[in-house]
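# Chains, contacts and geometry: an overview
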Amino acid sequence: MKKWSAGLAFILMFSVVLSACSSGTSKETGSGKEEKSDGGTDKVVELKFTTWGELTADSVEKKLADQFNDSHPNIKVTFEPVPGDGYGTKLTTSLAAGQAPDVFLIGEGDYFKYVDKGVVEPLDDYLKSDSSFKTDIFQPDLINMGKINDKLYYLPKDFNPLALWYNKRMFDEAKIPYPDAKWTWDDMISAAKKLTKKDDKGKVKEFGFNATKWEYPIYIYLWLNGTDIGNEDGTKAEGFMNSDKTVAAMEKYVALSKGDDRVSPTPQDTETLGGDSSMFMTDKLAMMVTGRWVKGDLDKSDVQYGSALIPTGEGGDRASIIAAAGWAMNANGKHKKEAFELMKWLSGTEAQKARSEKGQVLPATVAELDQVKSKEVVDKPVIEMMDYAKKPISMRSANAPIFTEEFNKAIEKVLLDKSTVKDALDEAAKTVDSKIKK
Amino acid sequence: MRNPRSERAGYLFILPWFLGLLIFTLGPMLFSLVLSFSKWDIITGIGSIEFVGLDNFKAIFHDELFYQSLKVTFIFALVSVPLYQVVSILIALLLNMRTRGMKIFRMIYFMPSVIPAVAVSMMWIMIFNPEYGILNRALEWFGIDGPAWLQDPSYALGALIVMGIWGVGNTIIIYLSGLQGVPDELYEAAQLDGAGPIRRFMSVTVPMISPTIFFNLIMGIIGGFQYFTQAFVMTNGGPLNSTLFYNLYLYNKAFVSYEMGYASALSWILFAIIMIFTLIVIRSSSMWVYYNGDDERD
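Report follows, based on the coordinates. Since we're looking at a predicted model, the values are computed, not measured.

This paragraph deals with the overall build of chain B. Within chain B, the secondary structure is distributed over 15 helices and two strands. Projected onto its principal axes, the C-alpha coordinates of chain B cover approximately 75 × 75 × 35 Å. Buried positions account for 44% of the 298 residues belonging to chain B. Considering only intrachain contacts with a sequence separation of at least 6, the fraction spanning at least 24 residues in chain B is 65%. Across chain B, the 16 positively charged side chains and the 19 negatively charged ones have centroids separated by 9 Å.

All right, on to the overall build of chain A then. When helices and strands are counted, chain A shows 19 helices and 14 strands. Burial status across chain A gives 53% buried among its 438 residues. Partitioning the contacts of chain A with sequence separation of at least 6, the portion at a separation of at least 24 is 74%.

With that settled, consider the nonpolar core. One recurring pattern in soluble globular proteins: nonpolar side chains tend to sit buried together. Phe209, Met241 and Met287 of chain A are the most contacted members of the largest nonpolar core, which totals 207 residues. When residues of this core are assigned to their parent elements, the largest contribution, 13 residues, is made by helix α3 (residues 64–95) of chain B. In this structure, Phe209 of chain A is in contact with Leu164, Trp185, Met188, Ala192, Leu256, Val263, Ser264, Pro265, Leu285, Met287, Met288 and Val289 of chain A, ignoring residues within four places of it in sequence.

Turning our eyes to something else, we now look at the interface of chain B and chain A. Every contact between the two is made by 36 residues of chain B and, on the other side, 36 residues of chain A. Summing the contributions of chain B and of chain A, the shared interface buries around 3,300 Å²; its carbon and sulfur component is 71%. The interface formed by chain B and chain A includes two salt bridges. Put simply, Asp41 of chain B and Lys117 of chain A hold a salt bridge, and the shortest N to O gap is 2.5 Å. Our enumeration of links across chain B and chain A arrives at seven residue pairs in polar contact (both at pLDDT 80 or more). Broken down by secondary-structure element, the contributors of at least two residues to the side of chain B that touches chain A are α1 (4–35), α13 (246–256) and α14 (260–288) of chain B. Take the side of chain B that touches chain A: its biggest share by element is six residues, from α1 of chain B.

Moving on, we get to the environment of Asp66 of chain A. Looking at the element boundaries, Asp66 of chain A is found in helix α2 (residues 60–71). C-alpha of Asp66 of chain A to C-alpha of Phe79 of chain A: the two residues are 13 residues apart in sequence and 9.1 Å apart in space.

All names here are of chain A. Note that Thr270 resides in helix α11 (residues 267–272). With relative accessibility at 10%, the residue Thr270 sits in the buried group. Every residue in contact with Thr270, bar those within four places of it in the chain, is listed here: Asn210, Pro265, Gly275, Asp276 and Met279.

We now examine the pattern of salt bridges. All names here are of chain A. Inspection of the entire model under this criterion finds 28 salt bridges over all chains. One salt bridge connects Asp130 with Lys344, and the closest N-O pair in it is separated by 2.4 Å. Of the two residues, Asp130 sits in the loop between α5 (124–128) and α6 (140–145) while Lys344 sits in helix α14 (residues 336–347), which places them 214 residues apart along the sequence. The two residues Asp130 and Lys344 agree in class, both being buried. The partner of Lys409 in a salt bridge is Glu406, with the nearest N and O atoms 3.6 Å apart. Of the two residues, Lys409 and Glu406 both sit in helix α18 (residues 400–415), three residues apart, roughly one turn of that helix. Considered together, Lys409 and Glu406 belong to a single accessibility category, that of buried residues. Through salt bridges with shared partners, a single network forms among Arg292, Lys295, Glu376 and Asp379.

Glancing now at the side chain of Lys253 of chain B. Tracing the backbone through its elements, the reader meets Lys253 of chain B in helix α13. In this structure Lys253 of chain B touches Tyr258, Glu259, Tyr262, Ala263 and Leu266 of chain B, once residues within four positions along its chain are discounted.

Our next topic: the sheet that holds strand β10 (residues 287–290) of chain A. Residues and elements named next belong to chain A. Strand order across the open sheet formed by three strands is β10-β7-β11, with antiparallel pairing between neighbours. The open sheet has two free edges, formed respectively by β10 and β11 (305–308), since each of these has just one partner strand. Taken over all neighbouring pairs, the strand axes of this sheet differ in orientation by 30 degrees on average, direction set aside. Sheet topology places strand β7 (residues 163–167) next to β11; four bridges connect them, and they run antiparallel. Among the inter-strand pairings, Tyr166 is bridged to a residue of β11, identified as Gly306.

In a pair of packed helices, the angle between the axes and the distance between the axes together describe the arrangement. All names here are of chain B. Between α1 and α14, the least distance of the axes is 7 Å, while the angle of their chain directions is 110 degrees. Judged by the angle between their axes, α1 and α14 are roughly perpendicular. The handedness of the crossing between α1 and α14 is left-handed. Residues Met29, Ser32, Leu33 and Leu35 of α1 lie in contact with α14, whose contacting residues are Met260, Gly261, Ser264, Ser267 and Trp268. Of the residues belonging to the contact of α1 with α14, the class tally is five nonpolar, four polar and no charged.

Each value, and the rule that gives it
- Residues numbered from 1 in each chain as written.
- Chains lettered and ligands numbered in written order.
- Predicted model: local features only at pLDDT ≥ 70, side-chain atom pairs only at ≥ 80, totals over all residues.
- Heavy atoms only, no water.
- Helix = DSSP H or I, 4+ residues; strand = E, 2+ residues; numbered from the N terminus.
- Buried < 20%, exposed > 50% of the residue type's maximum accessible area, 1.4 Å probe, protein only.
- Contact = heavy atoms within 4.5 Å.
- Lys, Arg positive; Asp, Glu negative; His and termini not counted.
- Charge placed at Lys NZ, Arg CZ, Asp CG, Glu CD.
- Core = buried A, V, L, I, M, F, W, Y, C linked by side-chain atoms within 4.5 Å.
- Buried area = accessible area lost by both parts, 1.4 Å probe.
- Salt bridge = Lys/Arg side-chain N within 4 Å of Asp/Glu carboxyl O.
- Polar contact = N/O pair within 3.5 Å; in protein donor to acceptor, adjacent residues only side chain to side chain.
- Pairing = 2+ DSSP bridges.
- Axes fitted to C-alpha atoms, helices over the stretch in contact; angles between N-to-C directions.
- Parallel < 35°, antiparallel > 145°, perpendicular 65-115°, else oblique.
- Left-handed = near helix turned anticlockwise from the far one by under 90°.
- Nonpolar A, V, L, I, M, F, W, Y, C, P; charged D, E, K, R; others polar.

Next up, the structure:
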C-alpha cells in the first residue's frame, strides 16, 4: 500500500508546504512599472494559465500569452501547458493544494463536475461590470452550454460538433454516392453493408461504419431514437437507460458489430487495429461519427475524406453534441479581476482568429465563424451540425460518471456475450439508481 | 568508548535519510491514515476534509469492486509468487553452471529487469495483439487460432501472469548469488554418499539457499499485491474488470473519481493484508529457513 498512498499524500503535503512558503501567485517585482488601471502602484500581478497539449514553444496559446503580456504592463502571465493524459490529475491535485492556475481550460465533459464542486468562479458579475466585453460575440449555443443554473462559468475557446466523416476512396470503389443531407440512419447502415468487405475466410477486412463504444455517438444515436440513458437532470436511470426504446435501439446498435451481418469493428477490434482514425486513414473503415480534431491526422495521411451531417433518425430528427473547451476562473484565485482580463483575451476575437488560422479548430465567435463558413467547403456540414447540438448527461448532471460507467459496463458485457442487452441495461439502471440515492 | 564527536558525525550522516523518511514517508502515511477516516473530494482543497469515522471502511465492505479487485489480486499473487520463484530458481541453476559465455546469458536474463515497466508493457501489447502480434502468429504455425489475449476476460489475467516471467531477472540474480554461496564440499560429500542430482538439489541446495528463498518470497508477496503499472498501461482493469488489480482500483478511486478518503482506507486495508501474509511467512520461517551460523549458537 505504501507506494501509492504515501506517494499521493506526499504530493499533497509537499504542495501544502510549498503553498505555505510562497506568497501565492503575486509578488512585488520592484521594477517600478507604473500600473495604469489600478491606482498607480508599482505591483505587477502574476497570473498562470494552463491547457492540455500545446507543448510546442510556438503554440498559439504561448503567442497569445506573449501578446497579452506586451499589452498589459501591470499583469505578467505565464503559460503552463500539461501533456494531454496528465491534465485532469495535475489540475485536480493543484486545486487540492490551493496551487491551481488562475485560469484553466475545461472540456465540456468535465465542466459540470468542476462547477458542481465550487472550484469555478461564476462570471456574470464580471461581465456586468465590464461594458467593453459582450458575450454576444460568441455562438449563442456555446454560451448556453456554459450556463449552469443560469450562471455562466466559462468563456469559449473553440468548439467541435460531431459529424459523420467518410472515406471517399472506399465509397468510390463500392460505387456508392457520398452521404448527403437526406440520409437517414437506415440509409447509412445499408451503405455500410455495401462497404463492408470480407476475405476468403469470412473475416471482415474493411468495415463500413464504426459503432464505437465512445458515449457521444451513442448518445446521439439514442436521441435520434427518441431516448436517452437518463432523465433530464441526471437523477434517474430506471425507465431511461432500460426503456423499451433504449433496449431496442441498443440491440440494433450492438448488432452492427456482431454476427454475420456486421458492418462495424468491435471496440476490441478497433483497439487491436490501432484505433478508428488510423483504420479510417488506411482505408479499412469507411464511416465514423467523431469530432473535427481528427482532421489534423487525416490531413497528414493520404486518405481522401469528406464530412457530412449525421443522418436523421426515424422521426426525421437530427442531433449532435458539441465538444467544446472553455476558459474557467479558479474560484480560489487571488487576482480575479486580472484573471478575467486574461480570460477576455484568451477567448476574444484576436485569439479566435489566431487559433482558427491553421484550420484545426473552429472559432467560437460569430463573426469569425461566418468568415470560415464563407470559405469552407469540406467541413461545411460539420459547422452545420452545431445547430443540432444537445447537452449530453455529463453537461446536465454531476452524477454523469455513474451513468456512463454503468452504461459502458453493460455494453461491454453485451459485446463479450456475457449478457443480453435487456438484462445488462436493466441491471445497469438499477445500479445507477441505487448509487445515486446514497 | 563513547566518542561524542564521531557520534554527532554519525547522526549528521543519517540526517538526510531520516528527514526524508519523516517528510516523505512517515508524514504522508500518517496523513493517509487520517484521510482513511475522512471524506475528501480532493478538488475542493485541504479545507474540505470531513471526518466520517468508519464510514469508508463500512462502505468498502459493501463494495462489489473491492471484492473483485481483491479476488484478482489474490489470484495473481497465489499463482505468480510460487511460479516466479520456481522459474527463477530453475533459471538461476542453469546460469550457475560453469560454461563458457555464461556472462552473456546472465546479462540476457537480467536485461529485461532494467527496462521501465511502461516500455515493457507497450512491447507486450504488441506481442499480445491478436491480429499482428508475434504470439498468435507463432501459434498459427501449430494451427492454433490464438485468443484476443488482453481483450478477452478469460485470458487477460493469465496473459499478465505469463508476461511477468519475463521480468524475473532481479530474483534470478539474488538466487544466483545464493547458489554461489553454497560450498562445493557439501556437494562433493553428498556425491560420495551416492546422492543423485535431484537428491543433491533437495538436500543440499534448497536448505542452503533457504534464506534467499525466504527473502525473495517476501519481496515477491509484497510486489504481487502491489502490482499496478502493467495493468494500468495494458488493460486498465478491463475487460469486464478481469484485471482490476487492487492498486489499480485504489488509483481509480483517488485520481479518477477523486475520493481520496476512500482510497486511503483501501490502502490501509492492503497494508494490513500484506502485513498478515508477510508475518505468516516470517513466523513459519523457523521451520524451513536454515542459517549457517545457527549450529554454533546451539
